[in-house]
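# Summary of structural features
The lines below spell out each chain.
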Amino acid sequence: MSSVYNDKTIANKTLQESEEFYRQILINISDTIFITNDKDEFTYICPNVDHNFGYTSEEFMTFKTSKRVFGKNLFIQKELIDKGELKNIECKITDKFGKQQIMLVSVKRVAINKGTNLFTCRNITSLKKTEKILSEKKANIFSLIENMDEIIWSINTNCELVQANSLFKKKLSEHVKYDVSDNEYLLNDKNFTRVEIKQWKQLYNKVLSGKRFRKEAIATFLSNKKVFDFYFNPIRTDDGTVLGATIFGVDITSKKKDEEKLKKQQKELSETNTALKVLLKRNYESNLETEEKIRLHLTSSILPYLKKLKSLKLNKQAKNAVENIEKSLNDLSEPFSQNLQLLRLQLTPSEIQIANLIRNGKSSKEIAHSLNLSLKTIEFHRKNIRRKLGIKNKKINLQNYIASL
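Source: prediction; values computed, not measured.

Reading the values: the criteria
- Residues numbered from 1 in each chain as written.
- Predicted model: local features only at pLDDT ≥ 70, side-chain atom pairs only at ≥ 80, totals over all residues.
- Heavy atoms only, no water.
- Helix = DSSP H or I, 4+ residues; strand = E, 2+ residues; numbered from the N terminus.
- Contact = heavy atoms within 4.5 Å.
- Areas by Shrake-Rupley, 256 points an atom, 1.4 Å probe, with all protein chains shown as cover.
- 1 Å grid on protein atoms, 1.4 Å probe; cavity = no way out; pocket = protein on both sides within 12 Å on 5 of 7 lines; lining within 4 Å.
- Points joined across faces, edges and corners; volume = space filled by probe spheres on them.
- Nonpolar A, V, L, I, M, F, W, Y, C, P; charged D, E, K, R; others polar.
- Salt bridge = Lys/Arg side-chain N within 4 Å of Asp/Glu carboxyl O.
- Buried < 20%, exposed > 50% of the residue type's maximum accessible area, 1.4 Å probe, protein only.
- Patch = residues over 30% accessible without salt bridge, like charges linked within 9 Å, V, L, I, M, F, W, Y side chains within 5 Å.
- Phe/Tyr/Trp six-rings, centres within 6.5 Å; stacked < 30°, edge-to-face > 60°.
- Lys NZ or Arg CZ within 6 Å of the ring centre and 35° of its normal.
- Pairing = 2+ DSSP bridges.
- Axes fitted to C-alpha atoms, helices over the stretch in contact; angles between N-to-C directions.
- Parallel < 35°, antiparallel > 145°, perpendicular 65-115°, else oblique.
- Left-handed = near helix turned anticlockwise from the far one by under 90°.

## Thoughts on the overall build of the protein
Helix and strand content of the protein: 14 helices and 10 strands. Once local pairs closer than 6 in sequence are excluded, the contacts in the protein between residues at least 24 apart make up 42%. Surface exposure of the protein reaches about 27400 Å², of which carbon and sulfur atoms provide 52%.

Structure (structure tokens):
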């Protein structure tokens, strides 16, 4: 007898522990479970019913039937009997505190004591609110891209079209000769040439590898004549997994034409400037050659006669007149020789002009004012002059150095 008593005690203890174990599970799960019989009367209510309905299990029992809880019959009994289980029935309830909650209910045919219908209720109110917010955001974003002049589309990792604005679908539909829909495979060899497939497969593989980049190209499936700037951006999850990519295409055809036109104009202007510089240099050299001839004529033909004239016995007034004539002729011939020396140093006409003004003691500000140039331009020429004279970064007075040439 003692042995039987002990076995019974152990069995009761094990049963109590098992009941406590399952009771704790039912209390702590998020779903609410209750059971009804074929008359829809409660035979069991999960202890955690207050999590989703606000009522204690005792208060919940006073409703007596599921119809009173949900406000209606959620299913037809015969249908449940035939199928054995009805899943994901969405309904709205009002909890103990007057707040409306959205429940996702599944009902399974069982045989537990006198119960036959097992209800599992999951509160999806927060999920529905989140879905609504996401849906509104998605609608707003789609409305935004629909009203843009640019072409936008997104793909999954299989290079299938996920979403696109109507402009993209229109262009692609015109190319493939049928209405393009979502889930369209974008590398179909029936609709695209081998060159197109190769080009876009490389681009899609690159962005799906996680790289973000820009590519300028002519997309023949959009237009044979237009140039686009394509911006490729991978779509990632929070953990960095690439789910697909978004491609943003901007028509830059007009911009490219303007750039080509501008390049052509710049080239023409550069050629004109070069020709003008050559012409000015030749003109300046011609002037210097003329000046040199005048200087040689003065020094060889006129000044010697003045020198002889000075050696004669002249009165003081005549002698002063001859000396003044000689000095004026020397002053006149001096810049000619100086200009020739500067020209031999490969100075440009502008640099020679500025060098002569520096020799005469003019400051950069005064030179800028007299030549109607900016001070910055004069300083730039001064640096070039110093470099060509070989005195760059040397503590040598430029005016004195030019005067010594």
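## Remarks on the layout of surface pockets
By volume, the largest pocket is sized at about 250 Å³. The wall of the largest pocket is formed by Lys277, Leu280, Lys281, Asn283, Tyr284, Asn287, Thr348, Pro349 and Ser350. For the lining of the largest pocket, the secondary-structure elements that each account for two or more residues are helix H9 (253-311) and helix H11 (349-359). Among the elements that line the lining of the largest pocket, the one with the most residues is H9, at 6 residues. Partitioning the lining of the largest pocket into residue classes produces 3 nonpolar, 4 polar and 2 charged.

## Describing the pattern of salt bridges
In total, this model carries 14 salt bridges according to the counting rule given. As a salt-bridge pair, aspartate 31 and arginine 122 come within 2.9 Å of each other at their nearest N and O atoms. Taken as a pair, aspartate 31 in the loop between helix H1 (2-28) and strand S1 (32-36) and arginine 122 in strand S5 (residues 115-123) lie far apart in primary sequence, 91 residues in all. Classification of arginine 122 by relative accessible area gives partly exposed; the value is 45%.

## Examining a nonpolar patch on the surface
Together, Leu276, Leu279 and Leu280 make up a nonpolar patch on the protein surface, roughly 290 Å² of accessible area in all. Along the chain, the position of leucine 280 falls in helix H9. Residue classification places leucine 280 among the partly exposed residues on the basis of a relative accessible area of 47%.

## Considering the packing of aromatic side chains
Enumeration over the complete set of coordinates arrives at 20 aromatic pairs. Between tyrosine 55 and phenylalanine 63, the ring centres sit 5.1 Å apart and the planes meet at 80°, which makes this aromatic pair edge-to-face. A single burial state applies to tyrosine 55 and to phenylalanine 63, both of which are buried. Judged by centre distance (6.3 Å) and plane angle (25°), the rings of phenylalanine 70 and phenylalanine 119 are stacked. Here phenylalanine 119 lies in strand S5 and phenylalanine 70 lies in helix H4 (residues 66-70), a separation of 49 residues in the sequence. Phenylalanine 119 shares its class with phenylalanine 70; the two are buried. Just above the ring of phenylalanine 213 sits the side chain of lysine 206; from NZ or CZ to the centre is 4.3 Å.

## Some details on empty space enclosed by the protein
Under the criterion given, the structure shown has 1 cavity of 30 Å³ or more. Quantified by volume, the largest cavity comes out at close to 80 Å³. Every residue lining the largest cavity is listed: Phe168, Leu172, Leu186, Leu187, Phe192, Glu196, Ile197, Trp200, Tyr204 and Phe221. Counting only elements with at least two residues in the lining of the largest cavity, the list comes to helix H7 (166-176) and helix H8 (194-208). Broken down by class, the residue content of the lining of the largest cavity amounts to 9 nonpolar, no polar and 1 charged.

## Points about the pairing of strand S4 (residues 100-112)
As paired strands, strand S3 (residues 85-94) and S4 are joined by 8 bridges and run antiparallel to one another. Within S4, the position partnered with cysteine 91 by the bridge is methionine 103. Count of turn residues in the S4/S5 antiparallel hairpin: 2 residues, of which asparagine 113 carries a positive phi of about 50°.

## A few points about the packing of H11 against helix H12 (residues 364-371)
Two elements in contact, H11 and H12, have axes whose closest approach is 10 Å; the angle formed by their N-to-C orientations is 130°. Between H11 and H12, the interaxial angle falls into the category oblique. Crossing geometry of H11 relative to H12 is assigned as right-handed. Contact residues: H11 offers Gln353, Ile354, Leu357 and Ile358, while H12 offers Ile367, Ser370 and Leu371. Residue classes in the contact of H11 with H12 are distributed as 5 nonpolar, 2 polar and no charged.

## Let's talk about the sheet that holds S3
Spatially, S2-S1-S5-S4-S3 is the arrangement adopted by the 5 strands of the open sheet, whose pairing is antiparallel. Across the chains shown, the open sheet's two edge strands, defined by having one partner strand only, are strand S2 (42-45) and S3. Here the strands of the sheet are splayed against their neighbours by 25° on average, with no regard to which way each runs. Relative to S5, S1 is paired through 5 bridges, and the arrangement is antiparallel. Residue threonine 36 lies in a different strand from S5, and its bridge partner there is asparagine 117. Against the sheet, helix H6 (residues 125-146) engages S3, S4 and S5, with an angle of about 130° to S4.

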